[in-house]
Amino acid sequence: MLPFANSDSTMHIMTETVAEWSADSAFAEFECRFNELNSLDVLSNEAETRLKAVDIILFDVLDWLKEDVEVEKYCRAVGFADYVFSTRKSIALVVEAKRKEVPFTIPAAKFKSEPLCFALLENESSSAGLALRQALGYAASLGARYVAITNGHQWILSLTYVQAQSVEERQVVIFDSLTSIRDNFRQFWKCFSKSAIGSN
């Protein structure tokens, strides 16, 4: 026969806690998905690039939730933004996605994950310049603080507006490959994660 607990006994109830998604959690997920992300065919169209690379990085790695984003959001006369992310009910980040074969970096160059002048990027990579200007138009019309472009394996981030500074003078942060993201993951997390964007 089992004894009954008396009135003085303490009952311990185990509660399951959900760990906060951190840069370390994100890096572990990125490492786990690295080969999958790297296997995306260079000829993949934009929709396939978004599904098989961009969405994985945004939602599975960087901790954005589907309810944080509007896709193909109309931006007045400017066009339709691919991804528009909000934090605390305010639009914070616009991401423009292109197919993988559209290159975003200066040919045969490697970049550290530190700011680079937009004019240099645009002079050497017209596709990056055009994509970023397109995304800046969306972000400015929506009032988003940050703007980014990606082709799934290259990611570029900038502020939408800097007082008394032209677009050409604007600083951008470039991650020119999945390997660059892996090697500088904490910086990538500080640039693109929900928690970083939310805290400016």
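That block above? That's the structure.
Notes on the structure in this doc start here. Note that this is a predicted model, so its numbers are computed, not measured.

Quick notes on the rules
- Residues numbered from 1 in each chain as written.
- Predicted model: local features only at pLDDT ≥ 70, side-chain atom pairs only at ≥ 80, totals over all residues.
- Heavy atoms only, no water.
- Helix = DSSP H or I, 4+ residues; strand = E, 2+ residues; numbered from the N terminus.
- Polar contact = N/O pair within 3.5 Å; in protein donor to acceptor, adjacent residues only side chain to side chain.
- Contact = heavy atoms within 4.5 Å.
- Buried < 20%, exposed > 50% of the residue type's maximum accessible area, 1.4 Å probe, protein only.
- Pairing = 2+ DSSP bridges.
- Core = buried A, V, L, I, M, F, W, Y, C linked by side-chain atoms within 4.5 Å.

Some thoughts on the side chain of Ser193
Looking at the secondary structure, you find Ser193 in the loop between α6 (185-192) and α7 (194-198). At a separation of 3.3 Å, a polar atom in the side chain of Ser193 contacts the side chain of Ser195. Discounting residues that sit within four places of it in the chain, Ser193 has contacts with Leu62, Trp64 and Phe188.

Digging into the pairing of strand β7 (residues 171-175)
Most of β7 sits inside the fold, with four of its five residues counted as buried. Note: strand β6 (residues 155-159) against β7, four bridges, orientation antiparallel. Counterpart to Leu157 in the pairing with β7 is Val173.

Here we look at the nonpolar core
Counting 36 residues, the largest nonpolar core has Leu58, Leu62, Tyr83, Phe85, Leu93, Phe188 and Phe192 as its most contacted members. Looking at this core element by element, the count peaks at seven residues for helix α2 (residues 46-61). If we skip the residues at most four places from it in the chain, Leu62 touches Ile57, Phe188, Trp189, Phe192, Ser193 and Lys194. Counting residues in each nonpolar core, the second largest holds 23 residues, with Val84, Leu116, Leu136 and Ile156 among its members.

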